[in-house]
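# Tertiary structure, described
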Protein chains: 2
Amino acid sequence: MNDVAARAQVSLKTVSRVVNGDAGVVEGTRRRVLDAISQLGFRRNDSARQLRIGRAAEIGLLVEDVGDPFYSTVTRAVERVAAANDCLLFTGSCDDDPERERKLALALCARRVDGLLIVPASADHAYLASELDSGLPVVFIDRPPVNLDTDAVLADNVGGARSAVAHLIAAGHRRIGFVGDDPDIYTARRRLLGFRQEMAAHGLDVDEAWIAVGEPGAGRLRRHAERLRDKLEQLLDGPAAVTALFTGNNRITTQVLRELALRDADAGAVLPRPALVGFDDFEFADLVTPGVTVVAQDPAALGRTAAALLFERLAGLTEPARQVVLPTRLVVRGSGELPPPA
Amino acid sequence: MNDVAARAQVSLKTVSRVVNGDAGVVEGTRRRVLDAISQLGFRRNDSARQLRIGRAAEIGLLVEDVGDPFYSTVTRAVERVAAANDCLLFTGSCDDDPERERKLALALCARRVDGLLIVPASADHAYLASELDSGLPVVFIDRPPVNLDTDAVLADNVGGARSAVAHLIAAGHRRIGFVGDDPDIYTARRRLLGFRQEMAAHGLDVDEAWIAVGEPGAGRLRRHAERLRDKLEQLLDGPAAVTALFTGNNRITTQVLRELALRDADAGAVLPRPALVGFDDFEFADLVTPGVTVVAQDPAALGRTAAALLFERLAGLTEPARQVVLPTRLVVRGSGELPPPA
DNA sequence: ATGAAAGCGCTAACAC
DNA sequence: GTGTTAGCGCTTTCAT
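Residues numbered from 1 in each chain as written. Chains lettered and ligands numbered in written order. Predicted model: local features only at pLDDT ≥ 70, side-chain atom pairs only at ≥ 80, totals over all residues. Heavy atoms only, no water.

For chain A, the name recorded in an unreviewed UniProt entry is Transcriptional regulator, LacI family, with Catenulispora acidiphila as its organism.

If you want it as structure tokens, here you go:
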């Protein structure tokens with residue numbers, strides 16, 4: 001900006017005025033400055049600007065894994081809201097590693113982003129308290145904060161799970177298996193709770209052998225997949241066999257579908273399928289046979305709502321931490337309506 | 001930092017030394033500073049730091065749409081490389097809108113990011129020339145730069161398309177339809193070229209009625225989907241009917257599969273399927289019936305390679321702009337091996 | 001081992 | 001209309 005000022009023979013401040021479109025610069029001067037700018041290929045340094053004005057026009061988003069369609073949809077929705085507010089977006093994946101969440105979140109704080117959206121991996125968010133105190137708005141997505149008083153936008157995990165189980169029971173099932181993620185994860189825990197609640201509400205006892213949950217830690221999904229074959233074998237052919245399955249998220253539903261297909265391939269025939277309802281909708285749910293009945297959340301709404309709330313806070317909203325719960329929707333496609341074997 | 005210095009009764013510079021772990025601070029002083037830091041909840045302002053040292057430790061990534069599994073996989077791969085280099089990552093989706101690409105790219109430049117990775121939407125990248133001149137490393141992904149001399153990491157679109165068509169011809173097909181995206185898009189154009197080349201190499205004339213390409217502009221995919229039904233009807237039942245289809249990317253393959261399923265539903269029966277090979281692999285390709293034979297690219301490798309190249313440039317690599325072409329791989333699953341009707 | 005002064009590139013406040 | 005000065009929060013250079 002100094003160079004531009006020198007070349008245009010004006011003061012630095014005048015250049016600043018022109019660059020920012022401030023009024024009070026006569027047309028002739030303006031032209032000279034503009035010429036100098038284009039001759040020098042000058043472009044305002046926005047980080048310097050932000051340092052001065054104290055607003056970054058950047059927010060950060062931390063998810064479990066942008067590569068997962070669920071989170072990439074969340075990300076896309078957040079992006080749109082950010083763009084509408086002329087904000088750039090930092091993104092990062094934590095892989096359910098608390099240390100990585102912490103590191104990324106603090107790095108974003110050190111960058112002085114204007115706000116943070118977090119799908120948390122850790123079980124303690126006290127480390128963000130001082131940032132919150134100094135005015136950083138933070139909105140949690142999909143899972144609530146622990147030891148931290150701030151906004152969260154969640155799905156109705158318990159209600160969704162209950163509707164899935166109720167649907168299977170209505171189709172005549174009494175022995176229903178639950179294949180879910182590590183219950184250390186909030187959503188997985190809540191869905192398992194919903195499963196148990198709905199079974200109990202119908203007076204049905206749950207045999208613990210019907211419940212297959214993942215192990216904790218990053219990389220657990222891969223390990224889960226490796227052990228799924230045996231689990232499914234127990235669930236479908238073992239002494240405590242079930243007639244229906246409720247799968248706890250999109251990835252697990254996919255894994256189960258793949259295993260069922262492999263069983264068919266091994267048998268050289270299409271084996272009778274257990275009824276299946278999955279938590280989370282996915283793009284091909286209607287294109288496999290039978291179509292997969294799911295409890296759909298709206299990941300775009302999750303991201304959109306959280307980002308909108310963040311910008312409300314940024315605009316000065318000061319009410320106490322809000323917890324928004326988004327409804328789920330049962331989408332009937334065939335797999336959940338299969339009756340139990342006679 | 002000033003506040004910390006005051007509280008610890010040392011100079012600002014000593015605080016800086018402690019914060020950065022510089023040698024030359026006696027243990028007692030260090031303790032005092034550390035205490036002051038934790039009492040005040042101080043955290044170094046990295047944007048101010050970056051302004052001073054001239055390195056942002058941030059890079060930017062622009063894709064067409066993070067919500068698309070192809071690009072979200074690219075994004076995830078870039079993220080990993082960025083994290084390995086202690087860099088934060090800005091992401092943005094351009095929706096194939098040149099204006100949006102330009103705006104986002106320039107906003108990132110104004111933030112003085114250390115480098116840029118771009119899946120371009122525009123057809124002219126001269127606007128980045130001055131940034132390049134002032135030393136900003138830029139690597140294009142998936143589509144090459146136009147009017148700009150910089151690195152690019154691409155897939156072998158022509159070769160991949162040719163392998164798909166060759167595969168269909170080997171299965172006995174002579175009349176093959178091409179359903180692709182807007183040929184204004186580099187990848188779509190190259191894949192159509194590969195289609196034509198391979199047909200020609202086998203001495204097969206291409207009836208232009210066999211070629212269905214999308215319209216230009218953002219939102220074209222939705223419009224494409226709406227018109228796909230009629231196009232497919234012409235392609236499969238019209239006077240110039242084909243016996244096989246080559247679909248130009250993951251989204252179009254999905255749309256075609258959905259339309260074929262709808263035709264079955266309308267007919268109340270499983271109609272005979274045309275053979276089908278799709279460009280791009282996707283998660284459910286093996287779970288639909290029949291399994292979808294695809295020409296698989298490796299989106300993770302695309303992102304990883306591009307990011308690695310960017311960091312090589314950042315580390316000082318000065319050789320001329322490099323163009324890396326990644327191979328594709330034909331994955332046989334059933335749909336591409338269906339023979340033509342007798 | 002510690003500190004003072006200058007400056008990264010910009011904007012705010014107040015001249016003139 | 002335009003310019004001057006100070007300072008955002010940090011690092012660099014050079015003293016002490």
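## A word on unusual backbone geometry
All names here are of chain A. Here the amide bond leading from Thr 289 into Pro 290 is cis, since omega sits at -10°, within 30 degrees of zero. Here Pro 290 lies in the loop between strand 9 (275-279) and strand 10 (293-296). Despite not being glycine, Asp 142 has its phi angle at roughly 75°, a positive value. As for its position among the elements, Asp 142 is in the loop between strand 4 (138-141) and strand 5 (151-155). Using a relative accessible area of 3% as the deciding quantity, one classes Asp 142 as buried. (Helix = DSSP H or I, 4+ residues; strand = E, 2+ residues; numbered from the N terminus. Buried < 20%, exposed > 50% of the residue type's maximum accessible area, 1.4 Å probe, protein only.)

## A closer look at the protein's contact with DNA strand C
Neighbouring residues of DNA strand C: 24 residues in total, closest Asn45(A), Arg49(A), Thr14(B), Thr29(B) and Arg52(B). Put simply, 62% of the atoms of DNA strand C that lie within 4 Å of the protein are in sugar or phosphate. Contacts to DNA strand C include Thr29(B), whose side-chain N or O atom sits 2.4 Å from a phosphate oxygen. Put simply, the parts of the chain that give the surface near DNA strand C at least two residues each are helix 2 (12-19) and helix 4 (46-53) of chain A together with helix 2 (12-19) and helix 4 (46-53) of chain B. Ranked by the residues each element gives to the surface near DNA strand C, the list is headed by helix 4 of chain A, at five residues. (Near = heavy atom within 4 Å. Polar contact = N/O pair within 3.5 Å; in protein donor to acceptor, adjacent residues only side chain to side chain.)

## Remarks on the sheet that holds strand 6 (residues 176-180) of chain B
All names here are of chain B. One open sheet accounts for six strands, arranged 7-6-8-9-10-12; its pairing is mixed. Edge positions in the open sheet fall to strand 7 (211-213) and strand 12 (329-331), since each of these has one partner strand only. Ignoring which end each strand starts from, the neighbouring axes of this sheet average 15° apart. Strand direction decides the pairing type here: strand 10 (residues 293-296) and strand 12, joined by three bridges, are antiparallel. Across the sheet, Val 294 pairs through a bridge with Val 331, a residue of strand 12. Sitting on the sheet, helix 8 (residues 157-170) touches strand 6, strand 8 (244-247), strand 9 (275-279), strand 10 and strand 12, and the angle it makes with strand 9 is about 170°. (Pairing = 2+ DSSP bridges. Axes fitted to C-alpha atoms, helices over the stretch in contact; angles between N-to-C directions. Contact = heavy atoms within 4.5 Å.)

## Notes on the interface of chain B and chain A
Residue-level contacts link 51 residues of chain B with 51 residues of chain A. For the pair chain B and chain A, the two sides together bury roughly 4,500 Å², of which 52% comes from carbon and sulfur. The largest per-residue losses of area from chain B upon contact with chain A belong to Arg43(B), Leu88(B) and Arg111(B), which jointly make up 16% of the total buried on that side. The tally of links between chain B and chain A comes to 16 salt bridges. The salt bridge partner of Arg258(B) is Asp286(A), with a shortest N-O separation of 2.8 Å. Joining chain B to chain A, the criterion identifies 29 residue pairs in polar contact (both at pLDDT 80 or more). Sorting the residues of the side of chain B that touches chain A by element identifies helix 4, helix 5 (69-84), strand 2 (88-93), helix 6 (98-110), helix 7 (129-133) and helix 11 (250-267) of chain B as the ones contributing at least two each. In terms of residue count, helix 6 of chain B provides more of the side of chain B that touches chain A than any other element does, seven residues in total. Its residues placed into classes, the side of chain B that touches chain A shows 21 nonpolar, twelve polar and 18 charged. (Buried area = accessible area lost by both parts, 1.4 Å probe. Salt bridge = Lys/Arg side-chain N within 4 Å of Asp/Glu carboxyl O. Nonpolar A, V, L, I, M, F, W, Y, C, P; charged D, E, K, R; others polar.)

## What about the packing of helix 8 of chain B against helix 9 (residues 186-201) of chain B?
Residues and elements named next belong to chain B. The N-to-C vectors of helix 8 and helix 9 enclose an angle of 40°; their axes lie 7 Å apart at closest approach. Here helix 8 lies oblique to helix 9, going by the angle between them. Every pair of crossing elements has a handedness; the one defined by helix 8 and helix 9 is right-handed. Only Tyr 186, Thr 187, Arg 190, Arg 191, Leu 193, Gly 194, Phe 195, Gln 197, Glu 198, Met 199 and Ala 201 of helix 9 make contact with helix 8, whose side of the interface consists of Asn 157, Val 158, Ala 161, Arg 162, Val 165, Ala 166 and Ile 169. (Parallel < 35°, antiparallel > 145°, perpendicular 65-115°, else oblique. Left-handed = near helix turned anticlockwise from the far one by under 90°.)

## Here we look at the protein's contact with DNA strand D
Neighbouring DNA strand D are 24 residues, the closest being Thr14(A), Thr29(A), Arg52(A), Lys13(B) and Asn45(B). Considering DNA strand D, the proportion of its atoms within 4 Å of the protein that are sugar or phosphate atoms stands at 60%. Ser11(A) is positioned with one of its backbone polar atoms (N or O) 2.7 Å from a phosphate oxygen of DNA strand D. Taking Ala48(B), its main chain carries an N or O atom lying 3.5 Å from a base nitrogen of DNA strand D. When contributions to the surface near DNA strand D are tallied by element, the ones reaching two or more residues are helix 2 and helix 4 of chain A together with helix 2 and helix 4 of chain B. With five residues, the single largest contributor to the surface near DNA strand D is helix 4 of chain B. Residue classes in the surface near DNA strand D are distributed as ten nonpolar, seven polar and seven charged.

## A word on the sheet that holds strand 8 (residues 244-247) of chain A
Residues and elements named next belong to chain A. Read from one edge of the open sheet, six strands run 7-6-8-9-10-12, paired in mixed fashion. Every interior strand has two partners, whereas the edge strands, strand 7 (211-213) and strand 12 (329-331), have only one. In this sheet, neighbouring strand axes are inclined to one another by 15° on average, regardless of whether the strands run parallel or antiparallel. Where helix 8 (residues 157-170) meets the sheet, its contacts fall on strand 6 (176-180), strand 8, strand 9, strand 10 and strand 12, and the angle it forms with strand 9 comes to roughly 170°.

## Things to note about the UniProt feature "domain: HTH lacI-type" (unreviewed entry) in chain A
Per the UniProt entry, the sites bearing "domain: HTH lacI-type" (unreviewed entry) are residues 1-53 of chain A in this numbering. Across residues 1-53 of chain A, the secondary structure splits into 70% helix and 0% strand, with the terminal C-alpha atoms separated by 17 Å. (UniProt positions renumbered as here; feature names shortened; annotations may be inferred.)

## A word on helix 6 of chain B
Three- or four-residue spacings in an α-helix give side chains the same orientation, since the helix completes a turn every 3.6 residues. Its 13 residues give helix 6 of chain B an end-to-end C-alpha distance of 18 Å, which sits within 8% of 18 Å, the value for a rise of 1.5 Å per residue. The complete set of buried residues in helix 6 of chain B reads Glu101(B), Leu104(B), Ala105(B), Leu106(B), Leu108(B), Cys109(B) and Ala110(B). Where helix 6 of chain B is buried, its residues meet helix 4 and strand 2 (88-93) of chain A together with strand 1 (58-63), strand 2, strand 3 (115-118) and helix 7 of chain B. Two or three places before Glu99(B), at the opening of helix 6 of chain B, Asp97(B) has a side-chain oxygen 2.9 Å from that residue's backbone nitrogen. Within two residues after helix 6 of chain B, Arg112(B) carries a phi angle of roughly 60°, on the positive side. (Expected span 1.5 Å × (residues − 1).)

## A few points about the side chain of Asp264(B)
Along the polypeptide, Asp264(B) turns up in helix 11. Not counting chain neighbours up to four residues away, the residues in contact with Asp264(B) comprise Ala269(B), Val270(B), Leu271(B) and Arg273(B).

## Things to note about the pairing of strand 8 of chain B
All names here are of chain B. Going residue by residue along strand 8, you find Ala 244 and Phe 246 tucked away on one face and Leu 245 and Thr 247 tucked away on the opposite face as well. Sheet analysis places strand 6 next to strand 8, joined by four bridges and oriented parallel. Residue pairing across strands places Gly 177 opposite Leu 245, the latter belonging to strand 8. The pairing of strand 8 with strand 9 spans four bridges and is classified as parallel. Looking at strand 9, one finds that Phe 246 is bridged to Val 277.

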